[in-house]
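# Structural description and commentary
The primary structure of each chain is shown beneath.
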Amino acid sequence: MASDLFHFAKHFITSSQLRPLPLPQTPQTNRTVIVTGANTGLGLEAARHFARLGAGRVILACRRTAQGAQARRDILQSLGVPDSLPVTGEVGGVEVWPLDLASFESVLGFCERAERELLDGVDVLLMNAAVVMGDRVEMAEGWEMTVTVNVIGTFLVVVRLLGLLKRAAKRGGTEAVVTVVGSEAHSLAKFPERSQPRIFEALRTVAGPGYVDRYGTSKLIDILVARELAERLNAAHGDRSPVTVNIANPGLCKSSLFRNTPFYVRWAMAAACFVLGRTSEVGSRALLAAATMGRTSHGRYVDSGRVDCPSAFVMSWEGRMVQPALFDELMEILESIAPGVTGNITDK
Ligand SMILES: NC(=O)c1ccc[n+]([C@@H]2O[C@H](COP(=O)([O-])OP(=O)(O)OC[C@H]3O[C@@H](n4cnc5c(N)ncnc54)[C@H](OP(=O)(O)O)[C@@H]3O)[C@@H](O)[C@H]2O)c1
């Protein structure tokens, strides 16, 4: 663990952590934006930027709606907008919708509501919510929490909402984009499960190297799955996907991300953040940079605002070989939760 943390800190010092991130300026006028995990941390600050830049609707997709309502008030106050509108359901402005990525029922309910209410489609889907767990927590569906929230629930939303993203793209004028928030931690994942014939099954049953490492594994899988999704969308749409899919790394930021980890991890991360960490606001600029970068970022890893190479494993032949099998296994899981959902990838 100590050597992992040292490697983590060293990597940040020598890489993009010190890169300045300019204030986002790209207008978001009339765009519909969904930000998951928007009640706190980077998600809250990203949602604030989207609202400041004129987005027509900013949906704060939150597991805890009371905190979401507080975040909404905070955003409106900071922008000088009266807080007299109801918390949910108004057309235009900032809205709070419940979404628990650990519950497939909640995810499907959220997506059905989006189909009913977001008739012009979704221009930006920022999949920001994630957890780092210190222990194994089993979910009702039999999956472990980190994989459920950071990967399965995340891509269930993405694939389920592809129809709305394509609709926004068809409307013209703007590009529809899915940005999945990644992490430098992906490069530290040991990922022994990659040699198993069924990787998600192994992640469900095999103990692995530890649950903090599981976070890095989940972020590594996010990169591989997002890259494969980008390729499949291209293949299904004459080599030109109507929806841009990318991964954004915000670098090390001050937030409550490590709250479920053992005290020594929290202390180490707090110390690293004290020296090097960006504020959540500055980190959120990296998310806006990816979400507004356009087609050049399709299938790419956007590290602190710039397209860059992810870890050596992701770039390796082995990473390339693991990627489609991992994607297909995840799509099977999504089909078992929502039959027919993967047709959204190829539907025009
Ligand atoms: N902070 C960093 O140094 C850092 C570095 C690289 C990447 N990132 C990534 O940046 C993103 C934001 O993290 P953060 O640092 O802002 O952490 P954070 O303050 O802990 O925010 C995480 C958000 O995810 C939400 N969330 C957790 N479980 C959820 C679930 N089951 N359903 C719906 N929402 C859920 C949380 O909601 P609750 O408040 O209800 O728990 C919270 O809103 C994450 O993807 C993280 O991996 C962060």
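Below, the structure is looked at part by part. This structure is a prediction, so every number in the text was calculated from the model and none was measured.

## Structural notes on the overall build of the protein
Each helix and strand in the protein was counted, giving 13 helices and 8 strands. In terms of overall dimensions, the protein is globule-like: its C-alpha atoms have a radius of gyration of 19 Å, near the 20 Å expected for 348 residues. With respect to the principal axes defined by its C-alpha atoms, the protein has extents near 50 × 45 × 40 Å. Put simply, the protein has 348 residues, and 57% of those count as buried. Of the roughly 13,900 Å² of accessible surface on the protein, 57% is carried by carbon and sulfur atoms. The distance from the centre of the 37 positive side-chain charges to the centre of the 35 negative ones in the protein is 5 Å.

## A look at the nonpolar core
If you look at the biggest cluster of nonpolar residues, it comprises 71 residues, and the most contacted ones within it are Leu125, Ile152 and Phe200. Among residues more than four places away in sequence, those in contact with Phe200 are Trp143, Val147, Val151, Ile152, Ile221, Leu326, Glu329, Leu330 and Ile333.

## Let's talk about the side chain of Lys219
Along the chain, Lys219 turns up in helix α8 (residues 211–236). Within the structure, Lys219 has its side chain in polar contact with the backbone oxygen of Val181 (distance 2.8 Å). Each residue touching Lys219, except ones within four places of it in the same chain, is listed here: Ala130, Asn150, Val181, Gly182, Ser183 and His186.

## A few points about the site of the ligand
Taken together, 29 residues lie near the ligand, and Arg63, Asn128, Tyr215, Ser255 and Arg259 sit nearest. Between the ligand and Leu42 there is a distance of 2.9 Å, counted from an oxygen atom to a backbone nitrogen or oxygen. One of the side-chain nitrogen or oxygen atoms of Ser256 is found 3.3 Å away from an oxygen atom of the ligand. Here the ligand loses 98% of its free accessible area of 890 Å² to cover by the protein chains. Going through the elements one at a time, α2 (41–52) and α8 are the ones with two or more residues in the shell around the ligand. Residues that form the shell around the ligand fall into these classes: 14 nonpolar, 10 polar and 5 charged.

## Some remarks on the packing of α8 against helix α12 (residues 317–337)
The contact between α8 and α12 brings their axes to 9 Å, and the two run at 80°. One element, α8, and the other, α12, form an angle in the roughly perpendicular class. Across the interface between the two elements, Ile221, Leu224, Val225, Arg227, Glu228, Leu229, Glu231 and Arg232 of α8 pack against Gly319, Arg320, Val322, Gln323, Pro324, Leu326, Phe327, Asp328 and Leu330 of α12. Per-class residue counts for the contact of α8 with α12 are 9 nonpolar, 2 polar and 6 charged.

## Overview of the environment of Asn30
With respect to the element layout, Asn30 can be found in the loop between α1 (2–14) and β1 (32–36). Spatially, the C-alpha atoms of Asn30 and Leu53 are 9.9 Å apart, while their sequence positions differ by 23 residues. Aside from chain neighbours lying at most four places away, what touches Asn30 is Gly54, Ala55, Gly56, Asp123 and Arg171.

## Comments concerning a nonpolar patch on the surface
On the surface, Phe263, Tyr264 and Trp267 cluster together to form a nonpolar patch covering roughly 390 Å² of accessible area. Its location among the elements puts Phe263 in helix α9 (residues 263–276). A relative accessible area of 46% places Phe263 in the partly exposed class.

## Side note on the packing of aromatic side chains
Each aromatic ring pair is described using two quantities: the centre-to-centre distance and the angle formed by the ring planes. According to the stated counting rule, one finds 4 aromatic pairs in the structure shown. Between Trp97 and Phe110, the ring centres sit 5.6 Å apart and the planes meet at 70°, which makes this aromatic pair edge-to-face. Here Phe110 lies in helix α4 (residues 104–117) and Trp97 lies in strand β3 (residues 93–98), a separation of 13 residues in the sequence. Neither residue differs from the other here; Trp97 and Phe110 are each classed as buried. Here the aromatic rings of Phe263 and Tyr264 are separated by 5.7 Å at their centres, their planes lie at 85°, and the arrangement is edge-to-face.

Thresholds applied
- Residues numbered from 1 in each chain as written.
- Predicted model: local features only at pLDDT ≥ 70, side-chain atom pairs only at ≥ 80, totals over all residues.
- Heavy atoms only, no water.
- Helix = DSSP H or I, 4+ residues; strand = E, 2+ residues; numbered from the N terminus.
- Rg over C-alpha atoms; globule rule 2.2 N^0.38 Å.
- Buried < 20%, exposed > 50% of the residue type's maximum accessible area, 1.4 Å probe, protein only.
- Areas by Shrake-Rupley, 256 points an atom, 1.4 Å probe, with all protein chains shown as cover.
- Lys, Arg positive; Asp, Glu negative; His and termini not counted.
- Charge placed at Lys NZ, Arg CZ, Asp CG, Glu CD.
- Core = buried A, V, L, I, M, F, W, Y, C linked by side-chain atoms within 4.5 Å.
- Contact = heavy atoms within 4.5 Å.
- Polar contact = N/O pair within 3.5 Å; in protein donor to acceptor, adjacent residues only side chain to side chain.
- Near = heavy atom within 4 Å.
- Nonpolar A, V, L, I, M, F, W, Y, C, P; charged D, E, K, R; others polar.
- Axes fitted to C-alpha atoms, helices over the stretch in contact; angles between N-to-C directions.
- Parallel < 35°, antiparallel > 145°, perpendicular 65-115°, else oblique.
- Patch = residues over 30% accessible without salt bridge, like charges linked within 9 Å, V, L, I, M, F, W, Y side chains within 5 Å.
- Salt bridge = Lys/Arg side-chain N within 4 Å of Asp/Glu carboxyl O.
- Phe/Tyr/Trp six-rings, centres within 6.5 Å; stacked < 30°, edge-to-face > 60°.

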